[in-house]
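Structure at a glance
What follows is each chain in one-letter form.
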Amino acid sequence: MKLSKGWLATLVILFVIITDQVVKIWVKTHMYLGESHTITSWFQIYFVENNGMAFGMELGSKLFLTLFRIAAVGVLLWIIYRLSKHPETKKGFLACVALITAGAAGNIFDSVFYGLIFNNPLPPQIAEFMPAEGGYAPMLYGKVVDMLYFPLFSFYWPDWVPFVGGEYFLFFQPIFNIADSAITVGMIIMILFYSKHIAIPQSENAGEQPNK
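Residues numbered from 1 in each chain as written. Predicted model: local features only at pLDDT ≥ 70, side-chain atom pairs only at ≥ 80, totals over all residues. Heavy atoms only, no water.

Right, let's talk about helix α4 (residues 178-193) for a bit. Helical geometry note: an α-helix holds 3.6 residues per turn, so side chains three or four residues apart project in the same direction. Its 16 residues give α4 an end-to-end C-alpha distance of 22 Å, which sits within 8% of 22 Å, the value for a rise of 1.5 Å per residue. For α4, the complete set of buried residues consists of Ala179, Asp180, Ala182, Ile183, Gly186 and Met190. Buried residues along α4 cover an arc of 160° about the axis, so they all sit on one side. Exposed residues lying more than 90 degrees from the buried face of α4 are Leu192 and Phe193. In this structure, the buried residues of α4 make contact with α1 (5-30), α3 (91-117), β3 (144-149) and β6 (175-176). At the N-terminal boundary of α4, the capping side chain belongs to Asn177, with an oxygen 3.0 Å from the backbone nitrogen of Ala179. (Helix = DSSP H or I, 4+ residues; strand = E, 2+ residues; numbered from the N terminus. Expected span 1.5 Å × (residues − 1). Buried < 20%, exposed > 50% of the residue type's maximum accessible area, 1.4 Å probe, protein only. Arc of directions from axis to C-beta. Contact = heavy atoms within 4.5 Å. Polar contact = N/O pair within 3.5 Å; in protein donor to acceptor, adjacent residues only side chain to side chain.)

The subject of this paragraph is a nonpolar patch on the surface. Residues Trp42, Leu152, Phe153, Phe155 and Phe171 make up a contiguous nonpolar surface patch of about 470 Å² in total accessible area. Structurally, Leu152 is set in the loop between β3 and β4 (153-156). (Patch = residues over 30% accessible without salt bridge, like charges linked within 9 Å, V, L, I, M, F, W, Y side chains within 5 Å. Areas by Shrake-Rupley, 256 points an atom, 1.4 Å probe, with all protein chains shown as cover. Salt bridge = Lys/Arg side-chain N within 4 Å of Asp/Glu carboxyl O.)

If you trace the backbone, Glu49 turns up in strand β2 (residues 43-50). Here Lys28 takes part through its side chain, which lies 2.3 Å from a polar atom of the side chain of Glu49. Setting aside residues up to four positions removed in sequence, Glu49 forms contacts with Lys28, Leu33, Asn120, Tyr136, Lys143, Val144 and Val145.

Further remarks concern the sheet that holds strand β1 (residues 36-40). If you trace the four strands from one edge of the open sheet to the other, you get β1-β2-β3-β6, paired in antiparallel fashion. The open sheet terminates on both sides in strands that have one partner only, identified here as β1 and β6. (Pairing = 2+ DSSP bridges.)

Attention now moves to the packing of α1 against helix α2 (residues 62-85). Remark: α1 packs on α2, axes separated minimally by 8 Å, with the N-to-C direction vectors making an angle of 150°. Considered as vectors, α1 and α2 are oriented roughly antiparallel to each other. The chirality of how α1 crosses α2 is right-handed. Counting all contacts with α1, which are made through Lys5, Gly6, Ala9 and Ile13, the residues of α2 involved are Leu77, Ile80 and Ser84. By residue class, the composition of the contact of α1 with α2 is four nonpolar, two polar and one charged. (Axes fitted to C-alpha atoms, helices over the stretch in contact; angles between N-to-C directions. Parallel < 35°, antiparallel > 145°, perpendicular 65-115°, else oblique. Left-handed = near helix turned anticlockwise from the far one by under 90°. Nonpolar A, V, L, I, M, F, W, Y, C, P; charged D, E, K, R; others polar.)

We now examine the pattern of salt bridges. This model, assessed by the stated rule, comprises three salt bridges. Close ionic contact of Asp20 with Lys24 constitutes a salt bridge, the shortest N to O distance being 2.9 Å. One end of the pair, Asp20, and the other, Lys24, are both in helix α1, four residues apart, so they sit about a helical turn from each other. With its nearest N and O atoms 2.3 Å apart, the salt bridge here joins Lys28 to Glu49. Placement of the pair is Lys28 in helix α1 and Glu49 in strand β2, with a sequence separation of 21 residues. Judged on exposure class, the residue Lys28 and its partner Glu49 are both buried. Residues joined in a network through salt bridges with shared partners are Asp20, Lys24 and Asp110.

Don't take any of this as a statement about function, it's just geometry.
Next comes the structure, spelled out in structure tokens:
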């Protein structure tokens, strides 16, 4: 059975959001804040939380960031709807937009609901789901859960290097989540393979001149 563009976008969004939330809830209810598990020398599950956007960035107030995410997802869903109805839209391009939308939506769940449904105890205590005493923050003020950490390599800069000589350098420092990954992957593939398609298609009659 041939999958329609609309169903493709829907399945991509649902898969990313569900996977992202399952992993986040598992980490939140099985690890204490700051705990890490080494998988390989270059990959760790490292539980941190942040108030910011992708990769732990802190930009603006928490309320503004949450409302901005909600508005952005609304716009992206509208774009997906428009793209899915246009016959010239490539499925790969639509999948990229769906990945970006799902990533933005995944972090919205944390911000909107996690403050209500989890407490936030001090380590080494682990957070409780739906605690009797209530959550740690009001709606829209929850923290985003991150856990994917890839310290691929590190070194000390030579002393002769200006400004950073003698300092320790670690790549890759940010800790992120599956939602962040979806946004990044979607944007990279879009830029590399679909840069000519980055435009909202016009309706079939958009170019026609009105009858006089």
